[in-house]
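A look at the structure
Given next are the chains, with one letter for each unit.
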2 protein chains.
Amino acid sequence: MMATKEKILDTAERLIASQGFAATSLRQIISEAQVNLAAVHYHFGSKEELLDQLILRKVTRVNQEREALLDTFEREAGGDPVAVDKILAAFFQPMIEAGCRNPQFVRLMGRLIAEGLIPSIAERHFQPTTTRFIAALRRALPNLSEGELFSRVQFMFGAMSHTVGGLALPVTQIHGDGADFQTMMLRLMAFLGAGMNAPATKEIQMEVQQ
Amino acid sequence: MMATKEKILDTAERLIASQGFAATSLRQIISEAQVNLAAVHYHFGSKEELLDQLILRKVTRVNQEREALLDTFEREAGGDPVAVDKILAAFFQPMIEAGCRNPQFVRLMGRLIAEGLIPSIAERHFQPTTTRFIAALRRALPNLSEGELFSRVQFMFGAMSHTVGGLALPVTQIHGDGADFQTMMLRLMAFLGAGMNAPATKEIQMEVQQ
DNA sequence: GTCTATACTGAGATAGAC
DNA sequence: GTCTATCTCAGTATAGAC
């Protein structure tokens, strides 16, 4: 029966979204899903690979929508570079919509990010999409060195991760104004747009003049 | 003997900086430090509290320097608000210097950030300093709503954390240009300065007009 | 191919003797 | 303060039933 695999995935998703990955034991998952412990290792191999499947199931669609939106903007632009604001919109809009449709999506991703599990596990799921967006940004910001562009993309991921992660933590509710997911993302896009368009730093000169 | 406590702290710091927190077992620490397992629980209570002491020992000085630098800039400004760039400099300079003096500091913090341990453990060590800097930013950016200011501070922490965390991960070395800590921080300050100074979003109007 | 029962190894934590 | 011995619980591995 394939129902076992689905039961495990659904139960794990719910528990991890509400408690976090480390705090959710396989024994709790199998207890609530009413399956056997070894079935988890039969279907997934390990706890980490179970998580991997979970993430894959969630982010595939969002990343497809991201690339599709970027495609649209690139067609509209003809041969010209797509504006930074549009690139950011193509990246964030699909995530905002997924988050508004399904709040558990935000909680789950937030939990995993807060536990530092995304870089090690989900990065390969994001890799192709990331490459596409970096290429678009490189054309939109030709004055930036390769290194500085990569750095800024890293800043973008950091700000986004920390924000989504923060939404799953009780700490953030204390500070801030308790803004919802969509509001935070709109604020983030404004912030990142300005940061991306900032003048390049003068680091090379410092090394050359010495 | 108080030497036991110090031996545990020093050994734990070295091992955690190179392997991470989760991958470093108490049994490995006590083996290399040549102390007994129960001594760790006697002196610290738990593995988490050991980490807490470790972080405290590291960040106290940096945060003092941050506040001292902000004090200086505020005195120089008389009653006027301190410029955003100076506030950012007051925040990042002490960390850059600490990182250049002691590379293990960057590795340790990077590891912990990458594992998602900073929000849950070290936040209270940063709380007073953070409050001071938010107050300074509020004066420098009076056109921002309270909520949007908090959000931008969160973006700043996210970008910073992810960058420092990334420096401890092998993944980042693949992309990017392998820039050193100081270069990354300078790029980050330029990025954040522009982001902080971005125009406010128009979220309130949307709610009011409905 | 799917699943069950059970055992194994290593982790952090604790009680109590010294 | 320190140490031995032990406890509980985690993820994992295997043997074998259907």
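The coordinates are above.
A brief look at the structure comes next. (Residues numbered from 1 in each chain as written. Chains lettered and ligands numbered in written order. Predicted model: local features only at pLDDT ≥ 70, side-chain atom pairs only at ≥ 80, totals over all residues. Heavy atoms only, no water.)

Before going further, it helps to spend a moment on the relation of the copies chain A and chain B. Taken as rigid bodies, chain A and chain B are interconverted by a rotation of 180° and an axial shift of 0.0 Å, the fit giving an RMSD of 0.1 Å. Read as a symmetry element, the transformation amounts to a two-fold axis. Interface overlap between copies: 100% of the residues of chain A at the interface are likewise at the interface in chain B, consistent with a symmetric, same-surface contact. (Least-squares fit on C-alpha atoms with pLDDT ≥ 70 in both. Contact = heavy atoms within 4.5 Å.)

On to the layout of surface pockets. Approximately 780 Å³ is the volume attributed to the second largest pocket. Surrounding the second largest pocket, 31 residues form its lining, Ala22 and Glu115 of chain A together with Glu115, Gly116 and Leu117 of chain B being those nearest its centre. Residue assignment for the lining of the second largest pocket shows that the elements contributing at least two residues are α6 (103-114), α7 (118-140) and α9 (170-174) of chain A together with α4 (47-76), α6 (103-114) and α7 (118-140) of chain B. Residue classes in the lining of the second largest pocket are distributed as 16 nonpolar, 8 polar and 7 charged. (1 Å grid on protein atoms, 1.4 Å probe; cavity = no way out; pocket = protein on both sides within 12 Å on 5 of 7 lines; lining within 4 Å. Points joined across faces, edges and corners; volume = space filled by probe spheres on them. Helix = DSSP H or I, 4+ residues; strand = E, 2+ residues; numbered from the N terminus. Nonpolar A, V, L, I, M, F, W, Y, C, P; charged D, E, K, R; others polar.)

On to the protein's contact with DNA strand D. Close to DNA strand D lie 16 residues, the nearest being Leu26, Arg27 and Lys47 of chain A together with Asn36 and His43 of chain B. Of everything in DNA strand D that lies within 4 Å of the protein, sugar and phosphate atoms constitute 53%. At 3.0 Å from a phosphate oxygen of DNA strand D is found a side-chain nitrogen or oxygen belonging to Lys47 of chain A. Elements with a minimum of two residues in the surface near DNA strand D: α2 (26-33) and α3 (37-43) of chain A together with α3 (37-43) of chain B. (Near = heavy atom within 4 Å. Polar contact = N/O pair within 3.5 Å; in protein donor to acceptor, adjacent residues only side chain to side chain.)

Here we come to the interface of chain A and chain B. Note on interface size: it is often stated as the accessible area lost on association of the parts. Taken together, the contacts link 40 residues of chain A with 41 residues of chain B. Both faces combined, the contact of chain A with chain B buries some 3300 Å², and carbon together with sulfur accounts for 68% of it. The tally of links between chain A and chain B comes to 6 residue pairs in polar contact (both at pLDDT 80 or more). Within the residue set of the side of chain A that touches chain B, elements represented by two or more residues are α7, α8 (146-167), α9, α10 (181-196) and α11 (203-209) of chain A. A class-by-class count of the residues in the side of chain A that touches chain B yields 18 nonpolar, 15 polar and 7 charged. (Buried area = accessible area lost by both parts, 1.4 Å probe.)

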